[in-house]
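# Analysis of the macromolecular model
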Amino acid sequence: VMSQEVKRSLEAKITGALQTGFVDDDVAFEITNTAMEGRAYKEALEVFKDPIKKDKPQIQIRALTLMGCMIRVGENQLAAALATSKWRDRLLKVAKSKDETVRDVLCQQVADWHFRYQGQGQEYAEFTIMFNRLKSKGFRMPEHRGSSRATTRTSSTSAPPGTRFTMTTTPEENAKKVDELMENVQADLRSMQIGLQDLSQLNRNVVENCKRHQNKIMLVLSTDLEESYTFKLIALYDQLGEYFDILKAIESADPAAGGASSSGSASAAAAGAETAEDEDESAELEALRNTLEQRKSEREACEAQCVRLRAELNDVKVKKSMVNSGAEDTHKKEELLGMVRKTIRASRGILADAKQQAAQMRIHCASLKRDSFAYAHSWEKEMAHLQTICDKAAKAEAKGFETLKKLYLNEMQMRKKLYNKIQEFRGNTRIYCRLRPLSQAERAQGANGVECVDLPTATEVVVRATGKPKIFEVDGGFKSSAKTAQIFEYEDAGGVVPSAVDGYNVCIFAYGDTGTGKTHTMQGDGKGDPGVIQLAIQKLYQTKQQRLQTEKIEIQLSVLEIVNEQITDLFEPRRTGLSVSISEQQGCYIDGLTKVECASGDEALSRIQQAMQNRPKGEEHASRSALIVHFQIHAEDTQTRGHANGKLYIIELPGAERQDKGNMNLGNVMEKIIAKSKSDQVPFKQAKLTHLLQDCLTGSAKQLFYICISPSLAKAEQSNASLAWAFRVRGVILGS
């Protein structure tokens, strides 16, 4: 990485040369040497970019001249950095907008730089073609002003393929060319080895090729190569020399041996011209090699002389410093002695002052010690007094906290009691009636497809069939256009769900004939009208979130169905033999039923859908089974550590038209409860459904019944039967 000092030095030297006009080989050598030491060839050229593009023609010509001098005195790296398509295109672009003098200098310099670095390579050929195309725009084809070596190369461009060897710009291409050369040499060596064993098979063309290979190897060895290539090429060169020595010895021993190779004499004569040309090139290479060795020797001599001169200069500096230091030491010693004397006198005065101050400090320390003892005694007395005050305040605060805690707990208990008392005032057992719309099949039945159910008020349902209309009183009646959410929130009907968190047992039923909309009411339609199951779960987990700071609430989910008095766990449908049990802690429960703890409402809905996958499909099965979604809720008050256990059942009953044992016994149980019979006289155990719901139908439990009926005249009898069953249930008032 080039340091900033090298870059600034290059900028200063190049700018100074261009401004003063002193542009010669000495200046170019100094700048080039700075660039070579810092490996800053490209950076040195970048300094010329702005003067060539923007300055006056005089400065432009100076810049081009200085760059040419640097190419002549510098190494190939500087020419390689300049002989790129980037710099070529940059200079030609500048030449298009300048005067003729600057343009001619630019063109000639670019041609020289390309020729110096590339010789007669492919890039120089492309460069020449490009200039020919631009003749019509005012350019003239530059004439190369190269050395005798360049002239020799130019004159030999018509030589046959394989007689020239030119290194390229990239190491990869150079390595590829050297590999090709080594393969050709090895092939000709094998041919020559066979010919030396039998001179009748020796081809003179092979011998001439081997001589040309020697010259090419010398050319390649004069360039910068990797060490591995250098050793291989030297070995091939030595092997070629050995074969030529053997051939020369054979020909000198048997002059007639040259005739044995008469088969190649014709081709050897044809290659005479090429041999002469190669000899010229060999002579030129030898001259270049001698010049290179001479330059290296001169450079080594100069470096050795520079080292010697630096050593002599260092010796002179050392001797001079020793002489100067001797004279200066005496003077410095005298000055130092005077300074020491002054310092001693000043130190004596300072020491006397310090002794006096130390005595005063001792007196002051004794006074401070007495004061500190008195302050410590006073501080301990004050701290004891403050501790007494703090203890009294802590006791008063603890007493106040306990009082507030008791008030808070009393308030919480009162709130729960008042909330559930409000629910009891509204009715622990509430009946809601919901009409479904007429189907297309019912509308097509003519007179039987007429609606026979009317809702004159919010709490009355009128069924007009044959005879006198029948009027039924309910807690709420809803037409077919009502959404399930409106029914669930009507007069805070959904408020029974938080009662389950407070420790009460809650049941929500859907009752009616098959096809009257029980499944739609409980499970929703999946199109934006959620069912009671989704709404109750939302209410339940909303209550849990609201009480997060005061209560720790755990909710467990079970999903089951009862078909023909057989209980099926929908999480584990293969499990059999499930039955209802009763205990003081759990009340009525199913032993072995799967319970899944759900942390959120989304998890609970996902689990319910998973369980529903295990339920048989079809309306026939649904009309015969009671689907039960059960939540077991345990709440713990974080302040009082009090516990509350509640149950929430959401039940879709079988079709009312079927003589289901659970439906029938549910009506019998309600009749006994209406008659205020004793608990042992109520037939809970005659059906699995009523046995399971025993503690949810008695005491302070709360129930919601959604009676689903069809408004069709053809279904009037079934509608009357469902509403009559609900009318009987409505007479039950629990908790009174």
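Residues numbered from 1 in each chain as written. Predicted model: local features only at pLDDT ≥ 70, side-chain atom pairs only at ≥ 80, totals over all residues. Heavy atoms only, no water.

## Focus: the overall build of the protein
When helices and strands are counted, the protein shows 25 helices and 14 strands. Pairs at least 24 residues apart make up 71% of the contacts formed inside the protein by residues separated by at least 6 positions. For the protein, the accessible surface area stands at approximately 42500 Å², while carbon and sulfur atoms represent 52% of it. (Helix = DSSP H or I, 4+ residues; strand = E, 2+ residues; numbered from the N terminus. Contact = heavy atoms within 4.5 Å. Areas by Shrake-Rupley, 256 points an atom, 1.4 Å probe, with all protein chains shown as cover.)

## Here's the deal with the sheet that holds strand β3 (residues 460-463)
With antiparallel pairing, the 3 strands of this open sheet are ordered in space as β2-β3-β4. Looking at which strands have only one partner, the edges of the open sheet turn out to be β2 (453-454) and β4 (470-473). Bridge analysis of β2 against β3 gives 2 bridges, and the strand direction is antiparallel. In the sheet register, Asp454 faces β3, and the bridge partner there is Val462. (Pairing = 2+ DSSP bridges.)

## Considering helix α1 (residues 4-20)
Along its 17 residues, α1 runs 24 Å from first to last C-alpha, staying within 8% of the 24 Å computed at 1.5 Å per residue. Along α1, the residues classified as buried are Val6, Leu10, Ile14, Ala17 and Leu18. Seen end-on, α1 carries its buried residues on one side only, within an arc spanning 95°. Along α1, the residues that are exposed and aim more than 90 degrees away from the buried face are Glu5, Ala12 and Gln19. (Expected span 1.5 Å × (residues − 1). Buried < 20%, exposed > 50% of the residue type's maximum accessible area, 1.4 Å probe, protein only. Arc of directions from axis to C-beta.)

## Here we look at the packing of helix α23 (residues 661-674) against helix α25 (residues 716-729)
One can describe the packing of α23 onto α25 by two numbers: an axis separation of 9 Å at closest approach and a directional angle of 35°. Here Asn663, Leu666, Gly667, Asn668, Met670, Glu671 and Ile674 of α23 come into contact with α25, specifically with Trp725, Arg728 and Val729. Here the residues of the contact of α23 with α25 are counted per class, giving 5 nonpolar, 3 polar and 2 charged. (Axes fitted to C-alpha atoms, helices over the stretch in contact; angles between N-to-C directions. Nonpolar A, V, L, I, M, F, W, Y, C, P; charged D, E, K, R; others polar.)

## Examining the confidence of the model for the protein
Confidence along the protein averages 77 in pLDDT terms, with 76% of residues attaining 70 or more. Note that pLDDT drops below 50 for residues 259-271; the model gives that stretch 12 contacts with residues more than four away or on any other chain. (pLDDT = per-residue confidence, 0-100.)

## Some details on empty space enclosed by the protein
One pass over the structure, following the stated rule, counts 4 cavities of 30 Å³ or more. By volume, the largest cavity amounts to about 90 Å³. Leu560, Cys588, Tyr589, Ile590, Leu593, Lys595, His630, Gln632, Lys647, Tyr649 and Leu692 together form the lining of the largest cavity. Looking at which element gives the most residues to the lining of the largest cavity, the answer is strand β10 (residues 587-590), with 3 residues. In terms of residue class, the lining of the largest cavity is built from 7 nonpolar, 2 polar and 2 charged. (1 Å grid on protein atoms, 1.4 Å probe; cavity = no way out; pocket = protein on both sides within 12 Å on 5 of 7 lines; lining within 4 Å. Points joined across faces, edges and corners; volume = space filled by probe spheres on them.)

## Description of unusual backbone geometry
Leaving glycine aside, a negative phi is the common case for residues, and trans is the common case for peptide bonds. With a phi close to 55°, Asn564 is a non-glycine residue in the positive phi region. Position of Asn564 relative to the elements: it lies in the loop between β7 (551-563) and β8 (566-569). Its identity is not glycine, yet Glu565 carries a phi of approximately 65°, on the positive side.

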